[in-house]
Amino acid sequence: MPTEINVRVLLKSRPTGFPVEDDFEVVESPIPQPQQGEILLESMWLSLDPYMRGRMNDAKSYAPSVDIGEPMVGGAVAKVVESRSPLFNPGDIVEGRFGWQSYAISNGIAVRKVDESLAPVQTAVGVLGMPGLTAYFGFLDVCDPTPGDTVVVSAASGAVGQIVGQIAKIMGCKVIGTVGSEPKAKFIVEELGFDYAINYKTSDVAQSLDNLCPEGIDVYFDNVGGIVTDAVMDRINIGARIAICGQISQYNLKTPDLAPRNLGLLTRSQAKMEGFLVFAYESRYDEGIARMAAWIKEGKLKYKEDVVIGLKNAPKTFIGMLNGENFGKTLIKVAE
Ligand SMILES: NC(=O)c1ccc[n+]([C@@H]2O[C@H](COP(=O)([O-])OP(=O)(O)OC[C@H]3O[C@@H](n4cnc5c(N)ncnc54)[C@H](OP(=O)(O)O)[C@@H]3O)[C@@H](O)[C@H]2O)c1
């Protein structure tokens, strides 16, 4: 049995606008005891993701809000330290929604054993987990790419965007990524093989798109919304496909932006715009994991992680990620 205490990060208050560290509370409590049929988990890696901002609100969504005083929700990779379930053994490495805490109890439902032979275990919440699968199914299924398509992806160096752009290159597309800094722009082109990058903070996105893809845009994988999306929409081709994966530019606004007024561009271009959730593809996760793991082994798919050590650093790291301070998939290394 472990002897340490359980560090937990609770939701203390619901933010208006950008969250602040004081919206969270770090507490220490005894390690919980598993009952019959349950397992005790020691968290190794916590994934920090933009959807968590929505869980801090008391608003209708596709998943319930976190209650005040409860641990923040989150996907994690953990080690089974005690098992009272016939399905798991001590030492198993698993992935599931274990929250922002160093120890968790689970009844095993929605817990997936991690195949340690595929890649380092933390990829089970990264490229071979929720964000990577979002990229895989969102791009291949929703965007239905064909070789030669011109593809634009926003938040292109992030957990989802970096994978979308590389899959688009594997599929023979021309790929342009939008990012918020010069190092990110350099990285997606020089390291990941995107054709071009646009720094939306320092360039005129519309002018840059005109220069880089005068032929127009066939596919847009949207992670951000706002001004980047406005500029892309004006340049979509006939039959374009637009996947609304996320709208991070809107998540922390105190007053919502106006609803889109440029939807007539879809009519003119006979284009398709579709919102999707990765969870709809759960029955096909194994397919996505196997294919991306093979691409990683063949050197065709790279992944960049941004690792911060220590669960107590989760609140400030999460806020930083919403601000664009992360460079790659945001992870908290909880324990060895
Ligand atoms: N539909 C689904 O099932 C699903 C699943 C997973 C994720 N998502 C969505 O996918 C998107 C990306 O998630 P992720 O985990 O890959 O996050 P991420 O890209 O690793 O991190 C978030 C990034 O968003 C960018 N950003 C922040 N504010 C912005 C703004 N105002 N305008 C433009 N960009 C801004 C920042 O990058 P820059 O420095 O480049 O600005 C930041 O690094 C999010 O919208 C998320 O909600 C959807």
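See the structure printed just above.
Residues numbered from 1 in each chain as written. Predicted model: local features only at pLDDT ≥ 70, side-chain atom pairs only at ≥ 80, totals over all residues. Heavy atoms only, no water.

## Focus: the pattern of salt bridges
Moving on, step 1. Counted according to the given criterion, the structure contains 14 salt bridges.
Moving on, step 2. Among the ionic pairs, Arg284 bridges to Asp141, the shortest N-O distance being 3.2 Å. One end of the pair, Arg284, is in the loop between β13 (272–275) and α8 (285–297); the other, Asp141, is in helix α2 (residues 130–142), and 143 residues separate them in sequence.
Moving on, step 3. In this structure, Lys272 and Glu274 form a salt bridge, with 3.2 Å as the shortest nitrogen-oxygen distance.
Moving on, step 4. Here Lys272 falls in the partly exposed class, since its relative accessible area comes to 36%.
Moving on, step 5. When salt bridges with common partners are traced through the structure, they connect Asp141, Arg284 and Glu287 into a single cluster. (Salt bridge = Lys/Arg side-chain N within 4 Å of Asp/Glu carboxyl O. Helix = DSSP H or I, 4+ residues; strand = E, 2+ residues; numbered from the N terminus. Buried < 20%, exposed > 50% of the residue type's maximum accessible area, 1.4 Å probe, protein only.)

## Here we look at the layout of surface pockets
Moving on, step 1. Reported here for the second largest pocket is a volume of approximately 750 Å³.
Moving on, step 2. The wall of the second largest pocket is formed by 34 residues, among which Glu95, Gly96, Arg97, Ala110 and Phe279 lie closest to the centre.
Moving on, step 3. Elements with a minimum of two residues in the lining of the second largest pocket: α1 (51–55), β5 (93–96), α2 and α8.
Moving on, step 4. Of the residues assigned to the lining of the second largest pocket, the class counts are 18 nonpolar, nine polar and seven charged. (1 Å grid on protein atoms, 1.4 Å probe; cavity = no way out; pocket = protein on both sides within 12 Å on 5 of 7 lines; lining within 4 Å. Points joined across faces, edges and corners; volume = space filled by probe spheres on them. Nonpolar A, V, L, I, M, F, W, Y, C, P; charged D, E, K, R; others polar.)

## Things to note about the site of the ligand
Moving on, step 1. Around the ligand there are 27 residues in total, and Val160, Lys184, Tyr200, Tyr251 and Asn326 lie nearest to it.
Moving on, step 2. Asn223 places a main-chain nitrogen or oxygen 2.8 Å from an oxygen atom of the ligand.
Moving on, step 3. Within the backbone of Val278, one N or O atom sits 2.8 Å away from an oxygen atom of the ligand.
Moving on, step 4. If the ligand stood free it would expose 910 Å²; the protein chains cover 90% of that surface.
Moving on, step 5. Grouping the amino acids of the shell around the ligand by side-chain chemistry returns 16 nonpolar, 10 polar and one charged.
Moving on, step 6. Per-domain counts for the shell around the ligand show at least three residues from each of domain 1 (6–126 + 303–333) and domain 2 (130–279). (Near = heavy atom within 4 Å. Polar contact = N/O pair within 3.5 Å; in protein donor to acceptor, adjacent residues only side chain to side chain. Areas by Shrake-Rupley, 256 points an atom, 1.4 Å probe, with all protein chains shown as cover. Domains from an automatic or database assignment.)

## Details of empty space enclosed by the protein
Over the atoms, a rolling probe the size of a water molecule traces out where space has been left empty.
Moving on, step 1. In the structure shown here, the tally under the stated rule is one cavity of 30 Å³ or more.
Moving on, step 2. Its boundaries defined by the atoms lining it, the largest cavity holds a volume of some 70 Å³.
Moving on, step 3. Every residue along the wall of the largest cavity is listed here: Gln122, Gly126, Val127, Pro131, Ala159, Gln162, Ile163, Tyr303, Lys304, Glu305, Lys329 and Leu331.
Moving on, step 4. Looking at which domains feed residues into the lining of the largest cavity, each of domain 1 (6–126 + 303–333) and domain 2 (130–279) gives three or more.

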